[in-house]
Number of protein chains: 2
Amino acid sequence: MTGNGAGSNGKLMDLLDEPVPGVGTYEDFNTIDWVREKSKDRDRHREITSKSEQSTWALLHSISDAFSGWLLMLLIGLLSGALAGCIDISAHWLTDLKEGVCLSGFWFNHEHCCWGSNQTTFQERDKCPQWQSWAELLGGSSEGAAAYIVNYLMFMLCALLFSFLAVILVRAFAPYACGSGIPEIKTILSGFIIRGYLGKWTLIIKTITLVLAVSSGLSLGKEGPLVHVACCCANILCHLFTKYRQNEAKRREVLSAAAAVGVSVAFGAPIGGVLFSLEEVSYYFPLKTLWRSFFAALVAAFTLRSINPFGNSRLVLFYVEFHTPWHMVELVPFTLLGIFGGLWGALFIRANIAWCRRRKTTRLGHYPVLEVLVVTGITALLSFPNSYTRMSGSELISELFNDCSLLDSSQLCDYNSSENSNTLPDRPAGPGVYTALWQLALALFFKMLVTVVTFGMKVPSGLFIPSMAVGAIVGRLLGVAMEQMALNHHDWLIVKGWCSSGADCITPGLYAMVGAAACLGGVTRMTISLVVIMFELTGGLEYIVPLMAAIMTSKWVADALGREGIYEAHIRLNGYPFLETKEEYGHKTLAQDVMRPRQSDPLLVVLTQEGMSVGEIEGVIADTDYSGFPVVVSQESQRLVGFVLRRDLVISLDNARKRQDGVVSASLVFFLEHAPPQPFSGPPVVKLRGILDLSPFTVTDHTPMAIAVDIFRKLGLRQCLVTHNGPMLSHRSLQPLASMSVDVGT
Amino acid sequence: MTGNGAGSNGKLMDLLDEPVPGVGTYEDFNTIDWVREKSKDRDRHREITSKSEQSTWALLHSISDAFSGWLLMLLIGLLSGALAGCIDISAHWLTDLKEGVCLSGFWFNHEHCCWGSNQTTFQERDKCPQWQSWAELLGGSSEGAAAYIVNYLMFMLCALLFSFLAVILVRAFAPYACGSGIPEIKTILSGFIIRGYLGKWTLIIKTITLVLAVSSGLSLGKEGPLVHVACCCANILCHLFTKYRQNEAKRREVLSAAAAVGVSVAFGAPIGGVLFSLEEVSYYFPLKTLWRSFFAALVAAFTLRSINPFGNSRLVLFYVEFHTPWHMVELVPFTLLGIFGGLWGALFIRANIAWCRRRKTTRLGHYPVLEVLVVTGITALLSFPNSYTRMSGSELISELFNDCSLLDSSQLCDYNSSENSNTLPDRPAGPGVYTALWQLALALFFKMLVTVVTFGMKVPSGLFIPSMAVGAIVGRLLGVAMEQMALNHHDWLIVKGWCSSGADCITPGLYAMVGAAACLGGVTRMTISLVVIMFELTGGLEYIVPLMAAIMTSKWVADALGREGIYEAHIRLNGYPFLETKEEYGHKTLAQDVMRPRQSDPLLVVLTQEGMSVGEIEGVIADTDYSGFPVVVSQESQRLVGFVLRRDLVISLDNARKRQDGVVSASLVFFLEHAPPQPFSGPPVVKLRGILDLSPFTVTDHTPMAIAVDIFRKLGLRQCLVTHNGPMLSHRSLQPLASMSVDVGT
């Protein structure tokens, strides 16, 4: 067997020449060829396996190669978990810094500061002399209008400072660090190359600015960016292992796992994280990756737990424990929450995309720093007076999810106790609850408006937390309403059957949870992964049915109003090439209707396997901008031999001119297996069999586009050649994936 | 646009003729063409959507069509859940019938019988006057050697009766009802057709015989067969909906969901069930199916819970609640359990396959009824004296998983209480524990031996429970050993750091659970789904790490000793065509090395698009046994036009002879788009453009087989044509999937 026996591998190895550096790599903003990458890896693996029988050293190398994937996963888990812990701790501290300072050490946050104090009672856990609000520190008093204004001003000042630092750092060092990162990661995982998007600068700046952005009180979360951070870690760690450094497909397997790690540390939900990666972001997700992702996600979750950023040894962000079972009748309000979630999701996507488009097309986009400062200023100004907007998004959600226990001092739990205060059966709302409801309603409108303009600014911003907050508020409002209705109208028919007088039948916290899931589902269109994340928060199968009812309704409603989730919408807005795997291709066209060149265009540009000179080929390259050229037997027969990529061709010809003596424009180029020997007179020939893909994918011109799109998706092709009536190569070729997907989308 | 514009759809519709009945269907024991089925469904969907704009009725039809998938899932969930509940209840009752009868109603099982009794104390829950053992009923006494012998005999008699009934019913009515069914379902899901395997008779007989087989005390479980039962339900319910009845690919999506339902009802683990289907049995599992499977699995789990077969309102089969956290040092024994699990898994597979091969090849296979009776007899004989083998497999596992509480009366919990008996800190083993350990060790050897010969007999038999039982016994033994070691040697270095004197640091129940997972993992090679199933049993993320350590070790050890899991091994043993999706194709061959006909064989048989007569084509069909023929422009040019399936050709020619006047052997056959008009003289022509696949898949002869296999797997092809040097159709074609997979396997 000669070199060409390796088929598509043949382009990588030429037995006559050394492999040319650069051949087989990709340019920035290009799509990778999954088939080529996978066969590269297969060859590498085969080589190592066959060598391993020769010496002990090679055997060790083979074993270490086999385990390098697991080692990499371990490292990703450890690093991401540690980073997430640091982010949590710093964000907590900075958030508290907006309100005051700890005297016993400025690096303590409010909670840690008061741990050391003996003077705190259980009721007033968060009041201790060591912790001083800005008013106390600067003005000496903690009461009165003046103190309030001082605190207000310091709150706004800190918020503006943090967000200013965040946006300046992003603009100065790593423009890719802004936004949530999930749309871009989805695109990268589907095979696109964006150099630097997962680099070390992005990692460092995103980590720092994420803390600043979260602390500034903007309506954004850290969950999406944590996925980006985990993917950066993975990409950087990939450089330690040849196997992953040199293969774009293998690296994308690792990145899929890293996406799972990101969600795992964000919510403390490893299984949910893996399913999120599978359902939402990944393109190619073999079973091996599933298992490894799970391992990495677990390692990360446990690393985070050992750091213990929440100080409660809980793995999960919002730990909830409900005691009352739900009743079938409650499915009606749960479904209502689902409808609200779907409506809000669809509305949010439209409003946000419209706003982002405005930012792109109008002068608004020219002043990103000013925009961030204005939004931060307004957010801080409006959020300080209302305690539910002043607290951070995750604290708010925690409070809303919480089921009131007897010792709870929260305003939301201010129920009028009945005579025996040891139990909590019949709970008429007290004045605190009514105040809380009003504040929550105001907070809801505020959150809804401000989130639309926040997501997409030039700071790291996730929207899991804001979406969940909106849903949780609505859910809690509905929950309290239901609770009071059931309480005051025990005799109503719909209540009678299951809620006897004096019993506590409705858990408003559960409504908040269902609402949060519904809104998040409406915005992101996640389904099973969302259910599992929520399941991992509560740990009980009991509440899966309400969650599923709400999430399903939400998805259906949102899908009816617009097919795209927020991430797909942003991918389209940014014009990334992405072939949606979830949508069915609905049109009834054939490959011949879609392929380029069209009937009216000039003929397809092809190269012949012999007889063309270097100058001629360079002319073809200069005249056209196709990313590759079919190679045929001769111009007359048009019989297809193979396909050669533009980039490989350019690099190889340059290389030949530089390294091979006497190659001039008149030198002949041969793609033949057995090129003729060098002529005695005349310029030497250039042999390019090595870069020729001998197994290009072909379809007939009668192939329905639905099947062609399926082939592109499933095999991860860059291009596909169209043949007519069997042997005769058609004078057309399908455009590469990038343009295909645009065709598909419209 | 004319009819041929529909591409591969063109073969289904011919604008000139009515579609011929039978064209587009498959024969038994054949592989479906996924691409064809999917484009059929796409066309159907497109038609309904385009019609829906015309009338309200069509719009309603379109909506009902869109929701029929969900409705089907709901029905599958309800039916499977109900059936699983019935199976659980009847198996429970029949199992108890081996030991005695309830006087207040023979249809009560032991537990229900004693519920009504007021004379039972908490300590002696299972002793009540209404429940009479056979000895009491027949001999009047419940003590003494005579009573023991009477009970022993009745136990054996019932066991023999049940297993006899089971094997007779299976043989008489539904031979497909035997075994676990999972290997066959895997094969069916990959595209193979086994008619009747999922039919109503199989369902009825499998349900009945499963109850009998489980009750007979044989070492088998009902989990695998429940998957089969759920798939039968799904298949039968598919007939209610045109969409699923007429499309083999769509039906397989539903069957994938049904597999999830099966595991969901078996363990009460809906998420684990979905992952089981994804990881272990499914071939084509789009995201839409994932979500629907989850819905169906949940519905089934809740139906089962409302039936409440275990009488404890628990969803899960083995509910466990542990209180003590585990320590890092314990990972060493957990890994040891993993190694044992892997060894046992590999050994079991070898032994079981060797035994099954013996059954196939020797005279043993001619006496299935006798075999079942002998195995049942021996099992019953040996299992009665030992209480751990006498109880059913799931009871045994429950008991072994159980963490001893203060009130536990089990022998395994017979610890010497310390002075203050209110707490359970320091637990030196009492005499009961030592007796239990001996009995467990005997039970272990018994189970290990008897399971090997049981799995594969002509009765329904799953091996989840027996595998888990083996692992649980080993785990419990190791757990108790560790516990006593830690107790008696608090000063040892490895114990010192984390287990202070007087503390209860080791949970033997957790060891049993880890051991069970390891053994099940070794046998089936499940990974993530197994972890999730176990996680759903305990509901705590705490114990995922021990489980994962054990399952990973088990998989690595087992894989090192043999790549195949038990299901793959049985698929290969039975010679089903199955293209393993998990394995990488490792050989460095090209399509030209693998394709048929080989270099030395006669030329490829092709049809020409015009000029062949009916007689000639019938001759080609009679002379060869290929499943399809390439159609070329002419014998000289060999330019490929399309591909026609043997079955479609046979049916169409028969049809033409029957229905079309004057068609004789001399009639010419045209595959052309525009066939010439009927000649005035001579026999009429037969137009077969309609059955021609105009978009056959082609690869070049230089395509590496690894890529070709990937294409087969991912697109679900039946055949693929090999072309040489571009246009010229090679005189070879790859064999259809069935033979391909055999090539791949060796």
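Nothing here was measured: the structure is a model prediction, and the numbers come from that model. (Residues numbered from 1 in each chain as written. Chains lettered and ligands numbered in written order. Predicted model: local features only at pLDDT ≥ 70, side-chain atom pairs only at ≥ 80, totals over all residues. Heavy atoms only, no water.)

### Topic: a nonpolar patch on the surface
Point 1. A surface patch of nonpolar side chains, about 660 Å² in accessible area, is lined by Trp57(A), Leu59(A), Leu60(A), Ile63(A), Phe67(A) and Trp556(B).
Point 2. Element by element, the count of residues in the nonpolar patch is highest for helix H2 (residues 56-97) of chain A, at five residues.
Point 3. Tracing the sequence through the fold places Ile63(A) in helix H2. (Patch = residues over 30% accessible without salt bridge, like charges linked within 9 Å, V, L, I, M, F, W, Y side chains within 5 Å. Areas by Shrake-Rupley, 256 points an atom, 1.4 Å probe, with all protein chains shown as cover. Salt bridge = Lys/Arg side-chain N within 4 Å of Asp/Glu carboxyl O. Helix = DSSP H or I, 4+ residues; strand = E, 2+ residues; numbered from the N terminus.)

### Here's the deal with the side chain of Lys243(B)
Residues and elements named next belong to chain B.
Point 1. As for its position among the elements, Lys243 is in helix H9 (residues 242-245).
Point 2. Note on Lys243: relative accessible area 10%, which makes it buried.
Point 3. Within the structure, Lys243 has its side chain in polar contact with the backbone oxygen of Asp65 (distance 3.1 Å).
Point 4. Residues within four places of Lys243 in sequence aside, it is in contact with Asp41, Arg44, Asp65, Ala66, Ser68 and Lys250. (Buried < 20%, exposed > 50% of the residue type's maximum accessible area, 1.4 Å probe, protein only. Polar contact = N/O pair within 3.5 Å; in protein donor to acceptor, adjacent residues only side chain to side chain. Contact = heavy atoms within 4.5 Å.)

### Digging into unusual backbone geometry
Point 1. Phi is positive for Arg525(A), close to 65°, though the residue is something other than glycine.
Point 2. With respect to the secondary-structure elements, Arg525(A) resides in the loop between helix H20 (508-524) and helix H21 (528-538).

### Topic: the pairing of strand E6 (residues 640-645) of chain A
All names here are of chain A.
Point 1. Extensive coverage of E6 is indicated by the burial of six of its six residues.
Point 2. Pairing of strand E5 (residues 628-632) with E6, which is carried by five bridges, proceeds in the antiparallel orientation. Each bridged residue has a counterpart across the sheet, and for Val632 the counterpart in E6 is Leu640. (Pairing = 2+ DSSP bridges.)

### What about the sheet that holds strand E3 (residues 607-608) of chain A?
All names here are of chain A.
Point 1. The strand order E3-E5-E6 describes an open sheet built from three strands, whose pairing is mixed. Only two strands of the sheet have a single partner each, and these edge strands are E3 and E6.
Point 2. Lying on the sheet, helix H26 (residues 646-659) is in contact with E3, E5 and E6; it crosses E6 at an angle near 75°. (Axes fitted to C-alpha atoms, helices over the stretch in contact; angles between N-to-C directions.)

### Description of the packing of aromatic side chains
The description of an aromatic ring pair uses the distance of the two centres, along with the angle that the planes make with each other.
Point 1. Enumeration over the complete set of coordinates arrives at 37 aromatic pairs over all chains.
Point 2. Here Trp34(A) and Tyr284(A) contribute two aromatic rings whose centre-to-centre distance is 5.4 Å and whose plane-to-plane angle is 55°, an arrangement assigned as tilted. With Trp34(A) in helix H1 (residues 34-51) and Tyr284(A) in the loop between helix H11 (270-281) and helix H12 (287-307), this pair connects stretches of sequence that are 250 residues apart.
Point 3. Clustering of aromatic rings is evident, with ring pairs tying together Phe67(A), Trp70(A), Trp291(A), Phe294(A), Phe295(A) and Trp556(B).
Point 4. For the cation-ring pair, Arg390(A) lies above Phe384(A), with the distance from its terminal atom to the ring centre recorded as 4.1 Å.
Point 5. Across from the ring centre of Tyr284(B), 4.3 Å away, lies the NZ or CZ of Lys38(B), which sits over that ring. (Phe/Tyr/Trp six-rings, centres within 6.5 Å; stacked < 30°, edge-to-face > 60°. Lys NZ or Arg CZ within 6 Å of the ring centre and 35° of its normal.)

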